[in-house]
Amino acid sequence: RYWEVGNEIYMEQDLTGAHMQADSYAERFLQFADVMKDADDTISVGAIGGLNFGRYRTLSDDNWTETLLQQAADRIDFLAVHNAYAPVVIGTGSDVDPRMVYRNMLTAPVLIEQNLDDLVTLLARYEPADDPIELAVTEWGPMFHVMPDHPWVDHVKTMGSALFVASTLNVFLRNPRVTIANAFKLTDFGFMGWIGRRGTGFAPTALSE
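All of these numbers come straight from a predicted model, not from anything done at the bench. (Residues numbered from 1 in each chain as written. Predicted model: local features only at pLDDT ≥ 70, side-chain atom pairs only at ≥ 80, totals over all residues. Heavy atoms only, no water.)

Chemist: Residues and numbers for the sheet that holds strand 8 (residues 195-198), please.
Modeler: Spatially, three strands are ordered 7-8-9 in an open sheet, and the strand pairing comes out mixed. One side of each edge strand has no neighbouring strand; the edge strands of this open sheet are strand 7 (187-188) and strand 9 (201-203). (Pairing = 2+ DSSP bridges. Helix = DSSP H or I, 4+ residues; strand = E, 2+ residues; numbered from the N terminus.)

In C-alpha cells form, the structure reads like this:
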C-alpha cells in the first residue's frame, strides 16, 4: 500500500554509496512513481526528504527537499522523513555527562515539533491545493550509538528513553500531517532495538553493570 522510493540517499556518508543530488533523485523518483502507479493506482508513493535543524544535519544539501518539491510535488503522496532520532552520542568522549545526554534527549521533541511545522510550511508552497502531501516519519526512536559493544548502545532500553518515545509520539499525534510513524526498531541483533539480544537471551532493559 505504501512505497518509499530510496532510503537516506541524501546523506553523503551513506554506506551503500547510493548518495545522489536532489535533482537527480527527483528525476528517478518520477520514473518510479509513474511506472508504479501505472501498475497499481491505489498505492501511495513517497519521496524522501526533510529539513536540517540545529546539529541534526543529515541532508548534504539544505535545499534538497525544496528542489525535490519544485520538480515532483504533484506526484508525491507522502514525504518520508527521519528527523526524530535523539540524543546521538556518536563522536562524543566516554566521559560525557549522562545527565546532559538525557536532558538533551528529553528536550528534543520540542525541536522535532518545530521541524515538522517547518516542513508543513514548505510543503504548502508546492503541493497541489486539493491534494496535500502527507508526512511519514518512517524511522525514529531513541538513538545513542550504533556500535554493539559501545557502553551507550543499550540506553535505548531505559526509562528515560521511554519518556522520549512518549513525548515524540505526542508530537506526531498532534500534527495532522503526520499519518505514519514507524519506530526503528523493536528487536535487534546489534544495536538500537528496544529489546536486544545480549549473550544467549534478549534484554529489554539496559545492562546494570
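Text resumes after the structure shown.
Chemist: So what about the nonpolar core? Which residues, and what values?
Modeler: Within the largest apolar cluster, 53 residues are counted, with the highest numbers of intra-cluster contacts made by Tyr 25, Phe 29, Leu 68 and Phe 172. Among the elements that take part in this core, helix 3 (residues 98-126) stands out by supplying nine residues, more than any other. The residues contacting Phe 172, other than those within four sequence positions of it, are Ala 84, Ile 112, Leu 116, Val 137, Trp 140, Val 178 and Ala 181. Counting five residues, the second-largest nonpolar core is a separate cluster that includes Phe 53, Tyr 85, Met 143 and Met 192. (Core = buried A, V, L, I, M, F, W, Y, C linked by side-chain atoms within 4.5 Å. Buried < 20%, exposed > 50% of the residue type's maximum accessible area, 1.4 Å probe, protein only. Contact = heavy atoms within 4.5 Å.)

Chemist: Could you give an account of helix 4 (residues 159-174), naming the residues involved and the relevant values?
Modeler: Relative to the 22 Å expected for 16 residues at 1.5 Å per residue, helix 4 spans 23 Å between its end C-alpha atoms, a close match to the ideal helical length. Three or more residues of helix 4 are buried, namely Gly 160, Ser 161, Phe 164, Val 165, Thr 168, Val 171 and Phe 172. Relative to the axis of helix 4, the buried residues are bounded by an arc of 145° and lie together on one face. For helix 4, exposure combined with an orientation more than 90 degrees from the buried face picks out Met 159 and Leu 173. Looking at the buried positions of helix 4, the neighbouring elements they touch are strand 4 (84-87), helix 3, strand 5 (134-143) and strand 6 (178-183). (Expected span 1.5 Å × (residues − 1). Arc of directions from axis to C-beta.)

Chemist: How would you sum up helix 3? Please name residues and give values.
Modeler: An ideal rise of 1.5 Å per residue puts 42 Å on 29 residues; helix 3 measures up with 42 Å between its terminal C-alpha atoms. Taken as a whole, helix 3 carries its principal kink of about 35° at Thr 107; the proline Pro 109 stands between one and four residues after it. Among the residues of helix 3, those classed as buried are Val 101, Tyr 102, Met 105, Ala 108, Pro 109, Ile 112, Asn 115, Leu 116, Leu 119, Leu 122 and Leu 123. The secondary structure elements touched by the buried residues of helix 3 are helix 2 (64-72), strand 3 (78-81), strand 4, strand 5, helix 4 and strand 6. Between the side-chain oxygen of the N-cap and the backbone nitrogen of Arg 99 there are 3.0 Å, and the N-cap of helix 3 in question is Asp 97. (Bend = angle between axes of the 7 residues up to and from the residue. Polar contact = N/O pair within 3.5 Å; in protein donor to acceptor, adjacent residues only side chain to side chain.)

Chemist: So what about the pairing of strand 6? Which residues, and what values?
Modeler: For strand 5 and strand 6, the ladder comprises four bridges, and the chain directions are parallel. Bridged to Trp 140 within strand 6 is Ala 183. In this view, the connection linking strand 5 to its parallel neighbour strand 6 by way of helix 4 has right-handed handedness. (Right-handed = clockwise from strand over helix to strand, strands pointing away.)

Chemist: Which residues make up the packing of helix 3 against helix 4, and what are the values?
Modeler: Between two packed helices, both the angle of their axes relative to each other and the distance between the axes serve to describe the pair. Look at helix 3 against helix 4: their axes get within 9 Å of each other, and the N-to-C directions meet at 10°. Judged by the inter-axis angle, helix 3 sits roughly parallel to helix 4. Touching Tyr 102, Met 105, Leu 106, Ala 108, Pro 109, Ile 112, Glu 113 and Leu 116 of helix 3 are Gly 160, Ser 161, Leu 163, Phe 164, Ser 167, Thr 168, Val 171, Phe 172 and Arg 174, all from helix 4. A class-by-class count of the residues in the contact of helix 3 with helix 4 yields 11 nonpolar, four polar and two charged. (Axes fitted to C-alpha atoms, helices over the stretch in contact; angles between N-to-C directions. Parallel < 35°, antiparallel > 145°, perpendicular 65-115°, else oblique. Nonpolar A, V, L, I, M, F, W, Y, C, P; charged D, E, K, R; others polar.)

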